[in-house]
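The chain contents come next:
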Amino acid sequence: MTSYADQGILFVASFVANWFSALSGGGAGLIQFPMLIFLGLPFGVALATHKVASVALGLGATIRYLKGNHLERRFSLIILGAGLPGVVLGAGTILQISPRIAIFLLGVLTLGLGVYSVFKPRLGMDYAPKNQHGSGLLTGMFGLFVVGFLNGSITSGTGLFLTIWLIHHFGLDYKRAVAYTLVLCGLVWNGTGAVVLGYLGTIAWGWMPALLAGSILGGYFGSHIAIKKGNLWIKRAFEVITILIGLKLVLG
């Protein structure tokens with residue numbers, strides 16, 4: 001059981017992490033997951049606990065996005081159907097392997113996402129849907145499966161991969177891509193990963209009150225800002241978060 005001071009630290013860290021995550025489309029693990037380890041949780045316990053708490057980010061974001069019509073049912077089902085098997089496979093795999101190499105490679109890729117977006121000024125600025133039928137859809141679904149596997153297995157920043165894949169391959173703008181990421185990845189993908197990790201591992205339930213409160217409130221208010229500010233603001237936030245997360249994961 002944590003002290004009141006620890007609960008206060010957890011709440012602040014969780015709120016800040018999930019506010020930024022809701023704004024940029026991922027990255028809560030940059031702050032929240034290392035904080036759990038810093039406060040004394042073993043890697044596996046911290047991973048399962050963070051995954052459960054991250055569901056609350058999706059809940060907070062969903063509450064805000066439900067006020068508008070941001071998600072299409074068919075495309076939502078495609079994301080869930082292609083990604084969830086990857087989430088289950090990834091969550092069942094990560095507790096069996098050393099994460100060091102995977103985290104380093106993830107850092108390199110995440111850093112690359114931020115740099116790629118910086119040098120593509122129009123990326124994600126316009127909504128031009130594509131690849132939602134035929135071979136383009138199959139390729140997109142394979143990409144969603146891979147991102148789902150990363151989401152289930154690695155904690156930091158994998159929502160950012162879904163955001164950029166939805167923009168690059170499916171032609172979404174940042175605002176729509178972040179909406180899909182927060183609601184479907186944050187709530188459903190992370191919820192599935194949390195169930196698998198909770199079954200296979202251990203969750204620190206005594207840490208949950210502050211984590212859940214911070215995640216829900218951070219997710220709600222971050223989503224509110226994203227909706228109000230629009231694509232350019234979200235794009236800049238995405239670039240900052242991906243570069244910071246990439247450096248953090250590469251440098252350790």
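Residues numbered from 1 in each chain as written. Predicted model: local features only at pLDDT ≥ 70, side-chain atom pairs only at ≥ 80, totals over all residues. Heavy atoms only, no water.

1. Observations concerning the UniProt feature "transmembrane region" (unreviewed entry) in the protein
Right, on to step 1. Here the UniProt-annotated "transmembrane region" (unreviewed entry) positions come out as residues 9–31, 37–63, 75–95, 101–119, 140–167, 179–200 and 207–227.
Right, on to step 2. Structurally, residues 9–31 comprises 70% helix and 0% strand, and the distance from its first C-alpha atom to its last is 11 Å.
Right, on to step 3. When the span residues 37–63 is considered, its composition is 85% helix and 0% strand, and the gap between its end C-alpha atoms is 29 Å. (UniProt positions renumbered as here; feature names shortened; annotations may be inferred. Helix = DSSP H or I, 4+ residues; strand = E, 2+ residues; numbered from the N terminus.)

2. Some words on the packing of aromatic side chains
Right, on to step 1. This model, assessed by the stated rule, comprises six aromatic pairs.
Right, on to step 2. On the numbers, 5.0 Å between centres and 70° between planes, the contact of F75 with F170 is edge-to-face. Here F170 lies in the loop between helix 7 (158–168) and helix 8 (174–200) and F75 lies in helix 4 (residues 73–94), a separation of 95 residues in the sequence. Both residues of the pair, F75 and F170, belong to the buried class.
Right, on to step 3. Taking 5.3 Å as the distance between ring centres and 85° as the angle between the ring planes, the aromatic pair formed by Y220 and F221 counts as edge-to-face.
Right, on to step 4. An aromatic cluster is present here, built from F75, F170 and Y180 joined pairwise through their rings.
Right, on to step 5. In this structure, R176 is placed above the aromatic ring of Y127, and the distance from its NZ or CZ to the ring centre is 3.8 Å. (Phe/Tyr/Trp six-rings, centres within 6.5 Å; stacked < 30°, edge-to-face > 60°. Buried < 20%, exposed > 50% of the residue type's maximum accessible area, 1.4 Å probe, protein only. Lys NZ or Arg CZ within 6 Å of the ring centre and 35° of its normal.)

3. Here we look at the packing of helix 3 (residues 43–65) against helix 8
Right, on to step 1. Helix 8 packs onto helix 3 with a crossing angle of 145° between their chain directions and a minimal axis gap of 7 Å. Between helix 3 and helix 8 lies a crossing whose hand is left-handed. Between helix 3 and helix 8, the contacting residues are L47, A48, K51, V52, S54, V55, L57, G58, L59, A61, T62 and Y65 on the first element and V178, A179, L182, V183, G186, L187, N190, G191, G193, A194 and L197 on the second.
Right, on to step 2. Of the residues that constitute the contact of helix 3 with helix 8, the class distribution is 15 nonpolar, seven polar and one charged. (Axes fitted to C-alpha atoms, helices over the stretch in contact; angles between N-to-C directions. Left-handed = near helix turned anticlockwise from the far one by under 90°. Contact = heavy atoms within 4.5 Å. Nonpolar A, V, L, I, M, F, W, Y, C, P; charged D, E, K, R; others polar.)

4. What about a nonpolar patch on the surface?
Right, on to step 1. On the surface, a cluster of nonpolar side chains totalling about 470 Å² of accessible area is made up of F11, V12, V16, F20, L217 and F221.
Right, on to step 2. Contributions of two or more residues to the nonpolar patch are made by helix 1 (4–24) and helix 9 (208–229).
Right, on to step 3. If you tally residues by element for the nonpolar patch, the top one is helix 1, at four residues.
Right, on to step 4. Looking at the element boundaries, F221 is found in helix 9. (Patch = residues over 30% accessible without salt bridge, like charges linked within 9 Å, V, L, I, M, F, W, Y side chains within 5 Å. Areas by Shrake-Rupley, 256 points an atom, 1.4 Å probe, with all protein chains shown as cover. Salt bridge = Lys/Arg side-chain N within 4 Å of Asp/Glu carboxyl O.)

5. A word on the nonpolar core
Right, on to step 1. One finds Y65, F75, I79, L144, L166 and W189 to be the most contacted residues of the largest nonpolar core, which totals 43 residues.
Right, on to step 2. By residue number, the principal contributor to this core is helix 8, which donates ten residues.
Right, on to step 3. The contact partners of L144, leaving out residues within four places of it in the chain, are I78, I79, A82, G83, L162, W165, L166, F170 and W189. (Core = buried A, V, L, I, M, F, W, Y, C linked by side-chain atoms within 4.5 Å.)

6. With respect to helix 1
Right, on to step 1. Over its 21 residues, helix 1 runs 30 Å from end to end, which matches the ideal 30 Å to within 8%, given 1.5 Å per residue.
Right, on to step 2. When we look at burial in helix 1, the residues that qualify are Q7, L10, A13, S14, A17, N18, S21, A22, L23 and S24.
Right, on to step 3. Looking at the buried positions of helix 1, the neighbouring elements they touch are helix 2 (32–38), helix 3, helix 7, helix 8, helix 9 and helix 10 (231–251).
Right, on to step 4. Positive phi shows up at G25, right after helix 1, with a value of about 95°. (Expected span 1.5 Å × (residues − 1).)

7. Considerations on the pattern of salt bridges
Right, on to step 1. What the rule picks out here adds up to four salt bridges.
Right, on to step 2. A salt bridge links D126 to R122, with the nearest nitrogen and oxygen atoms 2.8 Å apart.
Right, on to step 3. Judged by its relative accessible area of 44%, D126 falls in the partly exposed class.
Right, on to step 4. Between E239 and R236 there is a salt bridge, with the nearest N and O atoms lying 3.1 Å from each other. Of the two residues, E239 and R236 are both situated in helix 10; the distance of three residues between them amounts to about one turn of the helix.
Right, on to step 5. Relative accessible area serves as the criterion here: at 6%, E239 is assigned to the buried category.

8. A word on the packing of helix 7 against helix 10
Right, on to step 1. Two numbers describe how helix 7 lies on helix 10: the axes approach to 11 Å, and their chain directions differ by 135°. Between helix 7 and helix 10, the angle is such that the two are oblique. Taken as a pair, helix 7 and helix 10 cross one another with a handedness that is left-handed. Along the contact surface, helix 7 presents L160, T163 and I164, while helix 10 presents F238, I241, T242 and I245. (Parallel < 35°, antiparallel > 145°, perpendicular 65-115°, else oblique.)

9. Let's talk about unusual backbone geometry
With glycine set apart, most residues show a phi of negative sign, and most peptide bonds adopt trans.
Right, on to step 1. One non-glycine residue with positive phi stands out, namely N131, at about 55°.
Right, on to step 2. Relative to the elements of secondary structure, N131 occurs in the loop between helix 5 (100–118) and helix 6 (134–153).

10. Focus: the environment of V240
Right, on to step 1. With respect to the element layout, V240 can be found in helix 10.
Right, on to step 2. In this structure V240 comes out as partly exposed when scored by relative accessible area, which is 47%.

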